[in-house]
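As a plain string of letters, each chain reads:
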Amino acid sequence: SQTIHQWPATLVQPVGSPLSLECTVEGTSNPNLYWYRQAAGRGLQLLFYSVGIGQISSEVPQNLSASRPQDRQFILSSKKLLLSDSGFYLCAWSDQYGRAGSDTQYFGPGTRLTVL
Amino acid sequence: QQQVKQSPQSLIVQKGGISIINCAYENTAFDYFPWYQQFPGKGPALLIAIRPDVSEKKEGRFTISFNKSAKQFSLHIMDSQPGDSATYFCAAFASGSARQLTFGSGTQLTVLP
């Protein structure tokens, strides 16, 4: 079965510091990968998605960047955090080949980021 | 139009009652409509999903009703329980788009004991 991991679970960082959040998926290959941000009490905002290694699409101009160095690894980064970067960051995957329903996205447990 | 409109924003139901959450869309290319359930501090989890070739899908106490002509779909939670208290998101997906689900804004459901 497929599982998705995110770490760290929580993070408190000062303004201006760098950021690196990691997401890995197990039990599947060539997944589509996604990064979302969720502000407190709000909906899900798609930040980045990737259909393959090194292929990143950005949905919203921002202070963040994403990379996919390996097939099942997705990293969210920032060089200098802003207060507005605080939120709940969610990674998700979907199956490109329809074996698990390519239209279904499965979410990780999330990372709670607080920028002070 | 990629938007999916969800209502109500919040809902309070007594234990044993029926919870109803509604969503509407404009993009006729959407052909898959999942609902996600999210507990505080957790990632959303797929609850139930429907394709537009059926008008209703039921899984346990959860039912999706789909009206293709009206471009609306809804989630019904029968015999609502306090453990159902969570935020519910509807979403829509267009085949051939490797990109993304379009999410509704979410409904915070509280089931009173």
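Right above here is the structure, for reference.
Residues numbered from 1 in each chain as written. Chains lettered and ligands numbered in written order. Predicted model: local features only at pLDDT ≥ 70, side-chain atom pairs only at ≥ 80, totals over all residues. Heavy atoms only, no water.

## Digging into the overall build of chain A
Item 1. A tally of helices and strands in chain A yields zero helices and 11 strands.
Item 2. Going from the N terminus to the C terminus, chain A shows its helices and strands as β-β-β-β-β-β-β-β-β-β-β.
Item 3. By the compact-globule yardstick of 13 Å for 116 residues, chain A fits well, its C-alpha radius of gyration being 14 Å.
Item 4. Projected onto its principal axes, the C-alpha positions of chain A cover 40 × 30 × 20 Å.
Item 5. The contacts of chain A with a sequence gap of at least 6 include a subset with a gap of at least 24, amounting to 57%.
Item 6. Surface summary for chain A: the accessible area is close to 5200 Å², and the carbon and sulfur share equals 52%. (Helix = DSSP H or I, 4+ residues; strand = E, 2+ residues; numbered from the N terminus. Rg over C-alpha atoms; globule rule 2.2 N^0.38 Å. Contact = heavy atoms within 4.5 Å. Areas by Shrake-Rupley, 256 points an atom, 1.4 Å probe, with all protein chains shown as cover.)

## Digging into the overall build of chain B
Item 1. A count of helical and extended segments in chain B gives zero helices and 11 strands.
Item 2. Ordered by position in the sequence, the α and β elements of chain B form the string β-β-β-β-β-β-β-β-β-β-β.
Item 3. A compact globule built from 113 residues would reach a C-alpha radius of gyration of about 13 Å, and chain B, at 14 Å, matches this within 12%.
Item 4. Expressed as lengths along the three principal axes of its C-alpha atoms, the size of chain B is roughly 45 × 30 × 20 Å.

## Description of the packing of aromatic side chains
Residues and elements named next belong to chain B.
Item 1. The final tally for this structure, using the stated rule, is 17 aromatic pairs over all chains.
Item 2. Plain terms: the ring middles of tyrosine 25 and phenylalanine 73 are 6.2 Å apart, the flat faces sit at 55 degrees to each other, and that makes the pair tilted. With tyrosine 25 in strand E3 (residues 19-25) and phenylalanine 73 in strand E8 (residues 72-77), this residue pair connects regions lying 48 residues apart in the sequence.
Item 3. Overall, the relative accessible area of 2% leaves phenylalanine 73 in the buried class.
Item 4. Ring geometry for phenylalanine 33 and phenylalanine 66: centres 4.8 Å apart, planes at 45 degrees, overall tilted. Here phenylalanine 33 is found in strand E4 (residues 30-38), whereas its partner phenylalanine 66 is found in strand E7 (residues 62-67), with 33 residues between them in sequence.
Item 5. With relative accessibility at 0%, the residue phenylalanine 33 sits in the buried group. (Phe/Tyr/Trp six-rings, centres within 6.5 Å; stacked < 30°, edge-to-face > 60°. Buried < 20%, exposed > 50% of the residue type's maximum accessible area, 1.4 Å probe, protein only.)

## What about the environment of Phe93(B)?
Item 1. In this fold, Phe93(B) is placed in strand E9 (residues 86-94).
Item 2. Here the alpha-carbon distance between Phe93(B) and Arg51(B), two residues 42 residues apart in the chain, equals 9.9 Å.

## Remarks on the nonpolar core
Item 1. Counting 25 residues, the largest nonpolar core has Val4(B), Phe33(B), Trp35(B), Phe73(B), Leu75(B) and Tyr88(B) as its most contacted members.
Item 2. Within the residue set of this core, elements represented by two or more residues are strand E2 (10-14), E3, E4, strand E5 (45-50), E7, E8, E9 and strand E11 (107-112) of chain B.
Item 3. Looking at which element gives the most residues to this core, the answer is E9(B), with five residues.
Item 4. The contacts of Phe33(B), once residues within four sequence positions are left out, are Tyr25(B), Ile48(B), Ala49(B), Ile50(B), Pro52(B), Ile64(B), Phe66(B), Phe73(B), Ala91(B) and Ala92(B).
Item 5. In this structure, Trp35(A), Phe48(A), Leu76(A) and Trp93(A) belong to the second largest nonpolar core, which totals 20 residues. (Core = buried A, V, L, I, M, F, W, Y, C linked by side-chain atoms within 4.5 Å.)

## Details of the environment of Gln38(B)
Item 1. Tracing the chain through its elements places Gln38(B) in strand E4.
Item 2. Once the C-alpha coordinates of Gln38(B) and Leu109(B) are considered, the two residues, 71 residues apart in sequence, prove to be 10 Å apart.
Item 3. Once you skip the residues sitting within four places of it in the chain, Gln38(B) turns out to touch Gln38(A), Phe88(A), Leu90(A), Gly43(B), Pro44(B), Ala86(B), Thr87(B) and Phe89(B).
Item 4. Within the local environment of Gln38(B), its side chain forms a polar contact with the backbone oxygen of Lys42(B), the two atoms lying 2.8 Å apart. (Polar contact = N/O pair within 3.5 Å; in protein donor to acceptor, adjacent residues only side chain to side chain.)

## Observations regarding unusual backbone geometry
Residues other than glycine predominantly adopt negative phi, and peptide bonds predominantly adopt the trans conformation.
Item 1. Cis geometry is found at the peptide bond from Trp7(A) to Pro8(A), where omega equals 0 degrees.
Item 2. With respect to the element layout, Pro8(A) can be found in the loop between strand E1 (3-7) and strand E2 (10-13).
Item 3. Cis geometry marks the peptide bond from Ser7(B) to Pro8(B); its omega dihedral reads -5 degrees.
Item 4. Mapped onto the elements of the fold, Pro8(B) is located in the loop between strand E1 (4-7) and E2.
Item 5. Phi is positive for Asn30(A), close to 50 degrees, though the residue is something other than glycine.

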